[in-house]
Amino acid sequence: MLSKNKIKYIRSLEQKKHRREEFAFLAEGSKLVGDLQGHLHCKMVAGTSQWIASHPDFQSEEIIEVSREELSKASLLKTPKDVLAVYSLPDYPFPNDAPKKSLCLALDDVQDPGNLGTIIRIADWFGIEHIFCSQGTVDAFNPKTVQATMGALARIQLHYCDLGQLIDSLENVPIYGTFLNGTDMYQEKLSETGLIVMGNEGNGISAEIAQKINRKILIPNYPKGCETSESLNVAVATAIVCSEFRRRM
């Protein structure tokens, strides 16, 4: 069973400071927990008797059989699942040269956990392995973000850094960004490698980063010149851009 201290520990992982102190994050639900298994180290798993019986080979430091009532006390979800697990935060080496060898994403202060989770899923779908996040971007291991990734977090490496310094280090590398005054993306030559920068939900790409971008592109609206919505959701825009890059390949 889950002790009061275990429940308190699990629920504390909702807060970033506790995730950093414990070097751990929470995942809930059979699919998500299953997708993360084998990719990240599991410190503890708490599941119903049925879930544990159906996963006899699950690897974890600690396996606890619990009732649904106990799970509901520990869960951060409105509708608790049949299992939750605590994983160690990944500690990836910083890949300075990844944008020189492959297509990568950079996020400039994306704030919404759901948007970040969706962008991680998009990167996974389009085979983009690295996402560079500004220090102002929401924590990827926020429970809402983790749930929104639907397991894609197992295959994508996220790196928090000073985006300006990163871009400055990438000499002769295409740095793409979406702007209303950019060149029509469908008319622009697109590279198989480089960095695609996506901006904040309300403010777009910051002025500091914008001046470092050497390939300004536009997702055109249709019909051309017609009055439409002011902008696209950042996750939707990311999907459109990534799709076009991969289509060209």
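Refer to the structure printed above.
All values reported here derive from a predicted model rather than from experimental measurement.

Criteria and thresholds
Residues numbered from 1 in each chain as written. Predicted model: local features only at pLDDT ≥ 70, side-chain atom pairs only at ≥ 80, totals over all residues. Heavy atoms only, no water. Pairing = 2+ DSSP bridges. Helix = DSSP H or I, 4+ residues; strand = E, 2+ residues; numbered from the N terminus. Axes fitted to C-alpha atoms, helices over the stretch in contact; angles between N-to-C directions. Phe/Tyr/Trp six-rings, centres within 6.5 Å; stacked < 30°, edge-to-face > 60°. Buried < 20%, exposed > 50% of the residue type's maximum accessible area, 1.4 Å probe, protein only. Contact = heavy atoms within 4.5 Å.

## Considerations on the sheet that holds strand β1 (residues 24-28)
Inference 1: Spatially, the four strands line up as an open sheet ordered β1-β4-β2-β3, and their pairing is mixed. A strand with exactly one partner marks an edge of an open sheet, and here the two such strands are β1 and β3 (63-65). On average, adjacent strands in this sheet sit at an angle of 15 degrees to one another, irrespective of strand direction.
Inference 2: Note: strand β2 (residues 42-47) against β3, three bridges, orientation parallel. The residue bridging alanine 46 from the neighbouring strand is isoleucine 64, located in β3.

## Concerning the packing of aromatic side chains
Inference 1: Applying the stated criterion across every chain yields a total of five aromatic pairs.
Inference 2: Measuring from centroid to centroid gives 5.9 Å for phenylalanine 25 and tyrosine 87, while their planes differ by 25 degrees, and the two rings are stacked. On the criterion of sequence distance, the pair formed by phenylalanine 25 in strand β1 and tyrosine 87 in strand β4 (residues 83-88) is long-range, its members being 62 residues apart.
Inference 3: You can call phenylalanine 25 buried: its relative accessible area is 0%.
Inference 4: Look at tyrosine 87 and you get buried, because its relative accessible area is 0%.
Inference 5: Pairing tryptophan 51 with phenylalanine 58 gives two aromatic rings, centres 5.2 Å apart and planes at 70 degrees, and the pair type is edge-to-face. For the residue pair tryptophan 51 and phenylalanine 58, the accessibility class agrees, reading buried in each case.

## Notes on the sheet that holds strand β6 (residues 130-134)
Two modes of strand pairing occur in sheets, parallel and antiparallel, and in both the strands are linked by backbone hydrogen bonds.
Inference 1: Judged by pairing direction, the sheet is parallel, and its six strands sit side by side in the order β7-β6-β5-β9-β8-β10 without closing on themselves. Edge positions in the sheet fall to β7 (157-161) and β10 (215-218), since each has one partner strand and no second. Strand-to-strand twist of the sheet, defined as the mean angle between neighbouring strand axes without regard to direction, takes the value 35 degrees.
Inference 2: Pairing analysis gives three bridges linking strand β8 (residues 175-184) to strand β9 (residues 194-198), with the strands arranged parallel. Residue pairing for β9: tyrosine 176 is matched across the bridge by isoleucine 196.
Inference 3: In the packing of helix α7 (residues 113-125) onto the sheet, contacts are made with β5 (103-107), β6 and β7, and the angle to β5 comes to roughly 175 degrees.
Inference 4: Running at roughly 155 degrees to β9, helix α11 (residues 234-248) makes contact with β5, β8, β9 and β10 of the sheet.

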